[in-house]
Amino acid sequence: MSAHAQMPGDGPHPGRLRDRVALVTGGASGIGASCARRLAADGAVVVVADLDEDGATRVARQITAAGDTALPRRVDVTDPDSVTGVVTEAAALRGGLRIAVNSAGVNGPLSPLAELPPADFDTVMRVNLYGVFHAMRCQLPAMADTGGVVVNVASIAAHSGFRGHAAYAAAKQGVLALTRTAAREYAGHGIRVVSVSPGIVDTPMVTSLPPGATDGLLTAVPLRRTARPAEVAALIAFLVSDDASYMTGSDHVVDGGYLAK
Ligand code: NAD
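Residues numbered from 1 in each chain as written. Predicted model: local features only at pLDDT ≥ 70, side-chain atom pairs only at ≥ 80, totals over all residues. Heavy atoms only, no water.

Engineer: Before we go on, may I ask you to explain the sheet that holds strand 2 (residues 45–50) in this structure?
Structural biologist: In a beta sheet, neighbouring strands pair by backbone hydrogen bonds and run either parallel or antiparallel. Taken in spatial order, the seven strands make up an open sheet running 3-2-1-4-5-6-7, and their pairing is parallel. At either margin of the open sheet sits one strand with a lone partner, and together these are strand 3 (69–74) and strand 7 (251–254). Recorded for the sheet is a direction-independent mean angle of 20° between the axes of neighbouring strands. Bridge analysis of strand 1 (residues 21–25) against strand 4 (residues 97–102) gives five bridges, and the strand direction is parallel. When the sheet's bridge partners are listed, V24 is paired in strand 4 with V101. Helix-sheet contacts for helix 8 (residues 229–239) involve strand 4, strand 5 (148–153), strand 6 (191–198) and strand 7, and the interaxial angle to strand 6 is about 165°. (Pairing = 2+ DSSP bridges. Helix = DSSP H or I, 4+ residues; strand = E, 2+ residues; numbered from the N terminus. Axes fitted to C-alpha atoms, helices over the stretch in contact; angles between N-to-C directions. Contact = heavy atoms within 4.5 Å.)

Engineer: Explanation requested: the site of the ligand in the structure shown.
Structural biologist: Lining the immediate environment of the ligand, one finds 30 residues, of which S29, I31, D50, Y168 and T203 sit closest. The contact in question runs from a nitrogen atom of the ligand to an N or O atom on the backbone of L51, over 3.3 Å. One of the backbone N or O atoms of G105 is found 3.5 Å from an oxygen atom in the ligand. Isolated, the ligand exposes 820 Å² of accessible area, and the fraction of that covered by the protein chains is 91%. Looking at the shell around the ligand, the elements that each hand over two or more residues are helix 1 (30–41), helix 5 (166–186) and helix 6 (204–207). Examining the composition of the shell around the ligand, we find that three residues originate from one element, helix 6, more than from any other. Considering only residue class, the shell around the ligand consists of 17 nonpolar, nine polar and four charged. (Near = heavy atom within 4 Å. Polar contact = N/O pair within 3.5 Å; in protein donor to acceptor, adjacent residues only side chain to side chain. Areas by Shrake-Rupley, 256 points an atom, 1.4 Å probe, with all protein chains shown as cover. Nonpolar A, V, L, I, M, F, W, Y, C, P; charged D, E, K, R; others polar.)

Rendered as structure tokens:
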């Protein structure tokens, strides 16, 4: 049995992304880590970038142990210089930067809007919205000669009100706006820009919430369960592949039916 046989869906497509350089922010954990593993299994050379350098190193080691290729790097997506550094490094690898997945994100404290301290609103916006802006600002020029694909990780919170998540939802709506704008601006360079909107995914971001925090949400999920990170990674692996060559500017929901009304 191959090392990748436990993945859901139709599993990896070895060689589909052969030798393409991919940068995954938030690659140390959850959706980003799963995505890094999946893109590497599909043949990409993956730069696993995260604020958590040890976590990025662990994920890169797992990928290498599976016989695929990855390099860990520290990045703080709130710091434009830090982002420039890691994108420049990825772009200098053979073949140049062809794939970017912007998954770094934080939840912020759960709080009704009127009780949310401005500093907390600011923190969430700085990582979840400005972080995507800083990343794309470097990634798009790096791909301008070769073409490429950017996938931004948004959320169902960009599509529906969520009590206690005002800053998070505002940032994720902003991510959809950045995605659509960049798709129009860079299509002429052969760059596709899309987003994904996961529902509730079984990652540390969700398991660290107070007990019961997702109970009400789960009853509204027709599939009656959380998503596995690999189910989001499978969608992203498709979106960055040539099989999705006519898709740009679009958002792709993977939510167990939550938004189906
Ligand atoms: P996670 O907490 O497992 O992973 C997030 C990663 O981002 C962590 O490794 C963290 O170190 C990194 N990170 C945080 N701040 C950073 C910064 N300033 N610079 C670089 N890296 C930073 O969470 P996850 O669930 O995998 O979330 C990944 C993305 O998916 C986020 O954008 C999140 O908003 C989104 N999302 C998650 C869910 C869910 O239910 N888990 C649902 C919809 C969308």
